[in-house]
Amino acid sequence: AQSVTQLDSQVPVFEEAPVELRCNYSSSVSVYLFWYVQYPNQGLQLLLKYLSGSTLVKGINGFEAEFNKSQTSFHLRKPSVHISDTAEYFCAVSALRGGQNFVFGPGTRLSVLP
Amino acid sequence: GAGVSQSPSNKVTEKGKDVELRCDPISGHTALYWYRQSLGQGLEFLIYFQGNSAPDKSGLPSDRFSAERTGGSVSTLTIQRTQQEDSAVYLCASSFRGLTEAFFGQGTRLTVV
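Residues numbered from 1 in each chain as written. Chains lettered and ligands numbered in written order. Predicted model: local features only at pLDDT ≥ 70, side-chain atom pairs only at ≥ 80, totals over all residues. Heavy atoms only, no water.

**A few points about unusual backbone geometry**
In this chain, B:Ser7 is followed by B:Pro8 through a cis amide linkage whose omega measures -10 degrees. Relative to the assigned elements, B:Pro8 resides in the loop between strand E1 (5-7) and strand E2 (10-13). Positive phi values are uncommon outside glycine, yet A:Glu16 reaches one of about 75 degrees. Classification of A:Glu16 by relative accessible area gives exposed; the value is 61%. Unusually for a residue other than glycine, B:Arg81 sits at a positive phi of about 45 degrees. The class for B:Arg81 is partly exposed, based on a relative accessible area of 42%. (Helix = DSSP H or I, 4+ residues; strand = E, 2+ residues; numbered from the N terminus. Buried < 20%, exposed > 50% of the residue type's maximum accessible area, 1.4 Å probe, protein only.)

**Concerning the pairing of strand E4 (residues 31-37) of chain B**
Residue and element names in this part refer to chain B. Of all seven residues in E4, seven are buried; the element is thus mostly enclosed. Every second residue of E4 is oriented toward a common face, with Ala31, Tyr33, Tyr35 and Gln37 on one face and Leu32, Trp34 and Arg36 on the other, all of them buried. Bridge count between E4 and strand E8 (residues 88-95): seven bridges; the pairing is antiparallel. Bridge pairing in E8 links Trp34 to Cys92. (Pairing = 2+ DSSP bridges.)

**A few points about the layout of surface pockets**
It is a probe the size of a water molecule, rolled over the atoms, that shows where empty space is left. Within this model, the largest pocket holds a volume of roughly 510 Å³. As for the largest pocket, its lining consists of 26 residues, of which A:Gln38, A:Asn41, B:Gln37, B:Val89 and B:Arg109 are closest to the centre. Among the secondary structure elements, those contributing two or more residues to the lining of the largest pocket are strand E10 (87-95) of chain A together with E8 and strand E10 (108-112) of chain B. By residue class, the composition of the lining of the largest pocket is eight nonpolar, 15 polar and three charged. Roughly 180 Å³ of volume is contained in the second largest pocket. Lining the second largest pocket are eleven residues, with A:Tyr25, A:Ser30, A:Val31, A:Phe67 and A:Lys69 positioned closest to its centre. Counted by class, the lining of the second largest pocket contains seven nonpolar, three polar and one charged residues. (1 Å grid on protein atoms, 1.4 Å probe; cavity = no way out; pocket = protein on both sides within 12 Å on 5 of 7 lines; lining within 4 Å. Points joined across faces, edges and corners; volume = space filled by probe spheres on them. Nonpolar A, V, L, I, M, F, W, Y, C, P; charged D, E, K, R; others polar.)

Below is the structure:
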């Protein structure tokens, strides 16, 4: 079974500042990793994913994440945030061999302040 | 269709009534998931269908909740004798054999009054 931890439930940051949202996972098998974003009153949208290959993955809206297998982490970063990045961010994993459920973290609410 | 479609988008029901929520996944996606998101909370896994395999029902909170998937496509989540604590947004997602990302619908907002 897999589990996902997002240590920061809320992250306030000023506009144009950098941000890092932390995600750690636990799994007995290799996994795929995902970050989803949920804007207010909207559904979940895929931000980026790690399936294989380069451990640094780039997503939409200037976000990137780095897969660190030894630390079982997949932290999300953006060098300069905008007011429009205010949203809930969810980290998720699924087993590499497929056929299993996606497991989501509890989410981190990013609030970008002017 | 182009994306995951859920209906209705909003449902208000009286306590004790039964409700059915529908999910139409992306064509060709064999994996289908139901999640529940209460106000300001994360995603709570409910049930997972993968092809013709027996569904993973481990997340269903009580025997009032059930789901089926007909013909490997459309899924219906049924909540019997609804309670106020069932009020939430119910999200459906699908993926290609569980090997890629999950694509989410816009959800059904259920309010039990």
